[in-house]
Each structure stands twice: as C-alpha cells, then as structure tokens.
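The residues making up each chain are set out below.
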Amino acid sequence: MKKPLFTGSAVAIVTPFKDHGVDLDTLGDLLDFQLENGTDAIVVCGTTGEASTMTYQERAETIAFCARHVGGRVPVIAGSGSNSTENAVTLSQEAERRGADGLLVVTPYYNKASQAGLLRHYQTIAASVSLPIILYNVPSRTGVSIAPETYAALAGTPNIAGVKEASGNLGNIQRTRSLCPEDFCIWSGNDDETVPICALGGKGVISVAANILPAEMHRLTQLCQKNDFAAAGKLQVHLKEFCDAMFCEVNPIPVKTALSLLGWKVGELRSPMCPPSPENLARIQSALAKYGLAA
C-alpha cells in the first residue's frame, strides 16, 4: 500500500524574479509564510512558478534552495515535466539530486501524445528515478488529457503516487476512482473543485490561491479530511469569488499581481506573461479588499 505523498493543501508557489535570476531571499520569506500558515506541501517550479520560462540551472538551484529551506518540515515537490521524454527524465533526475521529496510531471504539451504515448512517457520517467511521481493532467494548457484507463495502467507502477487533476471533468475523476486502487491518490488541481474532488476520495489540493490564503486552503482540506463536508462546502463557496479572481487571466498573472499589491517583492512576470488588463487589475484589487487583505 503506497502512502500518500501528502494530504491537505500544497501551494503551487510563485517564483520571485530579480534582474538576473531568482530572488532566493524573497522565496525564503514566501516559504516561511506558507509554513507558518499550515501549508502541507510545497510545489516548486510548476506552472504557477513560471518554470517554462526558467533555465534548467535556475530550476535546479530553486529546487535545491526550497529543499534546504524547508528542511523536511513538509514535502517539497518539484515540477519536472517536459514535452520531451528525454528532457523530463533529465529534469526529474536533477530534482532528485537536488533534494526534492517528489515530482510533479505534466502531460507532454503541444505533441498531443496518444494514450499509448502517455503510458510510455510516464513509465520511462518513473523508471529513471526513485522519487514518488504525481501525474499532472491539465488539458486546457497542454492539449491532451489522461484517460481513466491510462491512470489504471499506470497505477501499478511503484513510484507513481497519483494525479493532480485539473481537467474539470468530474465524471472522468469518478471513473478514475472506480478503476484505480485506493492508494492511487487524486489531488484537485483547481482550487474551486477541492471539496467535490475530496468528496470523491481526493487527498487535497495543489493550490494557486494558497499563495495568498494558505491558512484558508489548509482549513478547507482539513474539513474535508474530517468528513465535515457541510462546513467545507460553505467555505468553498465563500472562497469561490477569490479563486475566480486568481484566474481572471492566465495563471500566474493574477496571483503574482496580487502578491505584488500586498507588498511581496516577487518581481515581474517573465515574457510572454505580462501584467493584467486594467479591468482585471481592478478585479484583483477588489477581491483582495473583499477578503480583508490590505493592499
């Protein structure tokens, strides 16, 4: 029986940039903020961390810094996906060398691999490392979705821990749960679907909103773990407007803008990401004000 890599709320943490690389001092402050507010795991160099704009060296150094700074207090999970299987193997092996506790591996984007191709892709990566791997299904960004039957075929791989599901397809998630063994974990990849997915047996969420509201997202998952879905549902509804504001433009534009408004020195978004429109900036400011966050 595989043990879950984590249960609860993992933050998909932003990467603060400065003129010539990653601002590790600010990243350390962000990590401390998360740990002080109950976050259950750190996901570094994911979509929210703008990993696709970072060099391999920047990614390796950022993962190593997070592992050192967190010091085993919670798991550090490193994004190591690529649309090239060979590159994903290289990134995954480097993350393991740099001290990550687990890997988050997105489906290969642009290529639009078949289910047979996805199976080979993930089996090759899993065989190259000893770390537990969370698959990442986000078809809105990659153009391909993992089928429940493919999850079932991968579930027997010893170090494939489960999946971050951001497809929004609750029907497929139900079928995945029915086809896969209990120790194949499902985590919500959409903040506003945390409670529904936990009600289907999910183990928590990998969250964008937790960059701003770590205590609230941690509490949301705690309520689910206690099977208090009445209270969890009320909190999910309360957080819905904030979660929507954090996705009023392509992630991580809104959340990084919000952190800047709150005084965090996270630096600029890396091109091709750009600042939000005036209308969406006003929406982000309004959401911060509504939830009692002083800009």
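Residues numbered from 1 in each chain as written. Predicted model: local features only at pLDDT ≥ 70, side-chain atom pairs only at ≥ 80, totals over all residues. Heavy atoms only, no water.

(A) Seen up close, the overall build of the protein chain. Each helix and strand in the protein chain was counted, giving 12 helices and 10 strands. The globule rule puts the C-alpha radius of gyration for 295 residues at 19 Å, and the 18 Å found for the protein chain is close to it. Along the longest, intermediate and shortest principal axes, the C-alpha atoms of the protein chain span 50 × 45 × 35 Å. Of the contacts formed within the protein chain by residues at least 6 apart in sequence, a portion of 72% connects residues at least 24 apart. For the protein chain, the distance from the average site of its 24 positive side-chain charges to the average site of its 28 negative ones is 4 Å. (Helix = DSSP H or I, 4+ residues; strand = E, 2+ residues; numbered from the N terminus. Rg over C-alpha atoms; globule rule 2.2 N^0.38 Å. Contact = heavy atoms within 4.5 Å. Lys, Arg positive; Asp, Glu negative; His and termini not counted. Charge placed at Lys NZ, Arg CZ, Asp CG, Glu CD.)

(B) Representation of the packing of helix 1 (residues 24-36) against helix 2 (residues 56-70). It is at 10 Å that the axes of helix 1 and helix 2 come closest, and there the two elements cross at 45°. Considering the angle they form, helix 1 stands oblique to helix 2. In this structure, the crossing between helix 1 and helix 2 has a hand that is right-handed. The segment helix 1 lies against helix 2, with Leu24, Leu27, Gly28, Leu31 and Asp32 engaging Thr62, Phe65, Cys66, His69 and Val70. Broken down by class, the residue content of the contact of helix 1 with helix 2 amounts to six nonpolar, three polar and one charged. (Axes fitted to C-alpha atoms, helices over the stretch in contact; angles between N-to-C directions. Parallel < 35°, antiparallel > 145°, perpendicular 65-115°, else oblique. Left-handed = near helix turned anticlockwise from the far one by under 90°. Nonpolar A, V, L, I, M, F, W, Y, C, P; charged D, E, K, R; others polar.)

(C) Local environment of helix 10 (residues 229-245). The first and last C-alpha atoms of helix 10 sit 24 Å apart over 17 residues, in line with the 24 Å expected at 1.5 Å per residue. Considering bend angle alone, the principal kink of helix 10 is centred on Leu239 and spans about 40°. Looking only at helix 10, the buried set comprises Ala232, Leu235, Gln236, Leu239, Phe242, Cys243 and Ala245. Buried residues in helix 10 make contact with helix 8 (194-199), helix 9 (214-225), helix 11 (253-261) and helix 12 (278-290). (Expected span 1.5 Å × (residues − 1). Bend = angle between axes of the 7 residues up to and from the residue. Buried < 20%, exposed > 50% of the residue type's maximum accessible area, 1.4 Å probe, protein only.)

(D) Region of the structure containing the packing of helix 11 against helix 12. At a closest axis distance of 10 Å, the pairing of helix 11 and helix 12 adopts a crossing angle of 60°. Considered as vectors, helix 11 and helix 12 are oriented oblique to each other. Considering only the axes of helix 11 and helix 12, their crossing is right-handed. Facing Pro254, Thr257, Ala258 and Leu261 of helix 11, the residues of helix 12 in contact are Leu281, Ile284, Gln285 and Leu288. A per-class count over the contact of helix 11 with helix 12 returns six nonpolar, two polar and no charged.

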